[in-house]
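Structural overview
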Amino acid sequence: MHNINFIRDNPIIFDNFMKQRGELPCSKNIIKIDEDKRNTQTVLQNLLAERNKLSKEIGILKSQNKDSEVENILKRVEKIKEETSNLKELEKIKEDELHAILSRLPNIPSSTTPQGKNENDNILYREWGDKTDFQFKPKRHYEIGENLNLMNFDLASKLSGSRFVVLKGMLSKLERAIAQFMLDKHTDENGYTEMYVPFLVKNDSLFGTGQLPKFGEDLFTAGENHWLIPTAEVPLTNLVRDKILQSNNLPMRVTSYTPCFRSEAGAAGQDTRGMLRQHQFSKVELVSIVEPQHSENELERMLESAESILKDLNIHYRVMTLCSGDMGFSANKTYDIEVWLPGENNYREISSCSNCGEFQARRMNAKYKSKDKNIFVHTLNGSGLAVGRTLIAILENYQTEDGNVIIPEVLRKYLNNHTSLI
């Protein structure tokens, strides 16, 4: 949510920011609605003040037995009551109009976010490791999994429809091992506290992190006023909703391993083969709640935490700084980690790490106590990592010519020291 005072004072700047996010200029309309609301509030306050004054006069006139004058004043009080009722209704209408517009506008980009329209304008930040050198033509992950009879899309489709998978045996265990490794790394070395959170959330939680009201079609509903989480970012970030934190409890760093559910409404025809884009997938999420002055450094720290997983797995990746037109709704700056998939001969996103500034905190009313006033916290979130896509990266980067897959050394302790899938 945006600060209305900033829009009033900087309408041109705000419109330029929105243009960078692919939105049309809207400050004029916002300011007009806000002025109407404030004017209504002024008239309402004046009427209430007049009513209070008249109420005192009635008491005095009654004590003086001036009943005729009292009757005239009562008529005026009744008129004021009717007018205030209408004004309160108008105030509510204007407040709702303002809220409806502001709640659908994306966050303002950071000064260090490159301007651009789409992924073609993203900028390489850094890369790590070398691409795997194969002496044979590497296969794609679904070819490997299906050839080993450990990955079944047809059975999943029979059970649930398209964009689902059934994993079997060692491949199922490998996915579980990946998640356990990520949690251990983030809690033992990277300073995050593990949380177990609900997989169902209410409307307010999704509004707080920015999925509602604009992106409802990307979500799965689960009964009245409940939704399946699209990411653990939603419950983790909302842990501080409607709270005033103590500064000595910040930074707050939490992580959780959950299933994630997305309708992929805008992905028709994309990545229909394999596990890259599914309705249900698993992810280890990282969330940080910090004081405003620390959020830029916290984003770099979060990025390094996510990168540390791929470094331990020894898989080549690159980090891209997303441009203003390619960022998520709530972010002011985002880094994408893109892992190299040799079977596909392409880079694929495996993590997004974003600084949301105070944008989500305003929607959640999440603050911390600083000296003599309360200030909105800054929130950050990132994948640490997407478990299914990490599984894909391992299958494609650790495959052998005979169709087997070597298990990365760091994962073997979770798999009874097995060195390969078969």
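About the cut-offs
Residues numbered from 1 in each chain as written. Predicted model: local features only at pLDDT ≥ 70, side-chain atom pairs only at ≥ 80, totals over all residues. Heavy atoms only, no water. Helix = DSSP H or I, 4+ residues; strand = E, 2+ residues; numbered from the N terminus. Rg over C-alpha atoms; globule rule 2.2 N^0.38 Å. Buried < 20%, exposed > 50% of the residue type's maximum accessible area, 1.4 Å probe, protein only. Contact = heavy atoms within 4.5 Å. Areas by Shrake-Rupley, 256 points an atom, 1.4 Å probe, with all protein chains shown as cover. Lys, Arg positive; Asp, Glu negative; His and termini not counted. Charge placed at Lys NZ, Arg CZ, Asp CG, Glu CD. Phe/Tyr/Trp six-rings, centres within 6.5 Å; stacked < 30°, edge-to-face > 60°. Pairing = 2+ DSSP bridges. Expected span 1.5 Å × (residues − 1). Salt bridge = Lys/Arg side-chain N within 4 Å of Asp/Glu carboxyl O. Polar contact = N/O pair within 3.5 Å; in protein donor to acceptor, adjacent residues only side chain to side chain. Axes fitted to C-alpha atoms, helices over the stretch in contact; angles between N-to-C directions. Core = buried A, V, L, I, M, F, W, Y, C linked by side-chain atoms within 4.5 Å.

When you go through the protein chain residue by residue, the secondary structure sums to 12 helices and 16 strands. For the protein chain, whose C-alpha radius of gyration is 28 Å, the value lies well above the compact-globule estimate of 22 Å for 422 residues. Judged by the C-alpha coordinates and their principal axes, the protein chain covers about 105 × 45 × 40 Å. Out of the 422 residues in the protein chain, the part that is buried amounts to 50%. Partitioning the intrachain contacts of the protein chain with sequence separation of at least 6 by distance along the chain shows that 72% fall at a separation of at least 24. Within the structure as shown, the protein chain displays about 21,100 Å² of accessible surface, and the carbon and sulfur contribution to it stands at 46%. A distance of 3 Å separates the average location of the 55 positive side-chain charges in the protein chain from that of its 59 negative side-chain charges.

Turning our eyes to something else, we now look at the packing of aromatic side chains. One pass over the full model with this rule turns up seven aromatic pairs. Residues tyrosine 125 and tyrosine 335 carry aromatic rings whose centres are separated by 4.6 Å and whose planes lie at 20 degrees to one another, so their mutual orientation is stacked. Of this pair, tyrosine 125 sits in strand E1 (residues 123–128) while tyrosine 335 is found in strand E12 (residues 333–341), placing the two residues 210 residues apart along the sequence. Note on phenylalanine 215 and phenylalanine 329: the rings are 5.3 Å apart at their centroids and 75 degrees apart in plane angle, and the pair reads as edge-to-face.

Moving on, we get to the sheet that holds strand E7 (residues 227–228). The strand order E5-E7-E6 describes an open sheet built from three strands, whose pairing is antiparallel. Pairing within the sheet leaves two strands with one partner each, and these edge strands are strand E5 (200–201) and strand E6 (220–221). With two bridges joining them, E5 and E7 adopt antiparallel strand pairing. Of the residues in E7, the one forming a bridge with leucine 200 is leucine 228.

Residues that lie three or four places apart on an α-helix share one face, since the helix turns once every 3.6 residues. An ideal rise of 1.5 Å per residue puts 28 Å on 20 residues; helix H7 (residues 169–188) measures up with 28 Å between its terminal C-alpha atoms. Here H7 has its buried residues at Met170, Leu171, Leu174, Glu175, Ala177, Ile178, Ala179, Phe181, Met182, Leu183, Lys185 and His186.

Moving on, we come to the pattern of salt bridges. Taken as a whole, this structure holds 19 salt bridges when the rule is applied. Of the charged contacts in the structure, one is a salt bridge between arginine 38 and aspartate 34, with a shortest N-O distance of 3.2 Å. Taken together, the residues span about one helical turn, with arginine 38 and aspartate 34 both in helix H3 (residues 27–63) at a distance of four residues. Taking the relative accessible area as the measure of exposure, arginine 38 reaches 35% and is therefore partly exposed. Take aspartate 34: its relative accessible area is 1%, and that puts it in the buried class. Residues arginine 126 and glutamate 307 are paired through a salt bridge, measuring 2.5 Å at the closest nitrogen-oxygen approach.

Right, let's talk about the side chain of histidine 378 for a bit. By the secondary structure assignment, histidine 378 is in strand E16 (residues 378–386). Residue histidine 378 is classed as buried on the basis of its relative accessible area of 13%. A distance of 2.9 Å separates a polar atom in the side chain of histidine 378 from a polar atom in the side chain of serine 295.

The three strands lie next to each other as E8-E14-E15, forming an open sheet whose pairing is mixed. Bordering the open sheet on either side are strand E8 (244–246) and strand E15 (373–376), each of which pairs with just one other strand. Each strand of the sheet is rotated relative to its neighbour by a mean of 45 degrees, with strand direction disregarded. Bridge analysis of strand E14 (residues 367–370) against E15 gives four bridges, and the strand direction is antiparallel. From the neighbouring strand, serine 370 faces E15, where its bridge partner is lysine 373.

Among the 11 residues in helix H12 (residues 387–397), 11 count as buried, and that is most of the element. Every buried residue of H12 is listed here: Val387, Gly388, Arg389, Thr390, Leu391, Ile392, Ala393, Ile394, Leu395, Glu396 and Asn397.

To continue, consider the environment of arginine 262. Mapped onto the secondary structure, arginine 262 falls in the loop between strand E9 (252–261) and strand E10 (280–290). Residue arginine 262 is classed as partly exposed on the basis of its relative accessible area of 29%. Separated by 44 residues in sequence, arginine 262 and aspartate 218 place their C-alpha atoms 5.8 Å apart. Discounting chain neighbours no more than four positions away, the residues touching arginine 262 are Asp218, Phe220, Pro230, Thr231, Gln278, His279, Phe281 and Lys283.

Turning next to the pairing of E12. A large share of E12 lies buried, amounting to nine of its nine residues. Every second residue of E12 is oriented toward a common face, with Lys333, Tyr335, Ile337, Val339 and Leu341 on one face and Thr334, Asp336, Glu338 and Trp340 on the other, all of them buried. Where strand E11 (residues 317–321) lies against E12, five bridges are found, and the strand directions are antiparallel. By the bridge assignment, methionine 320 is partnered in E12 with aspartate 336. Pairing of E12 with strand E13 (residues 346–355) involves nine bridges; the strand directions are antiparallel. Paired with tyrosine 335 across the two strands is cysteine 353, which belongs to E13. Following E12, the chain reverses through four residues before pairing antiparallel with E13; asparagine 345 in that reversal takes a positive phi of roughly 55 degrees.

Our next topic: the nonpolar core. Of all hydrophobic cores here, the largest spans 52 residues; its most connected members are Leu171, Leu174, Ile394 and Leu421. Per-element accounting of this core gives the leading share, nine residues, to H7. By size, the runner-up hydrophobic cluster in this structure holds 15 residues, among which are Leu245, Ile289, Tyr368 and Val377.

Turning our attention to the environment of leucine 228. Here leucine 228 lies in strand E7. Residue leucine 228 is classed as partly exposed on the basis of its relative accessible area of 21%.

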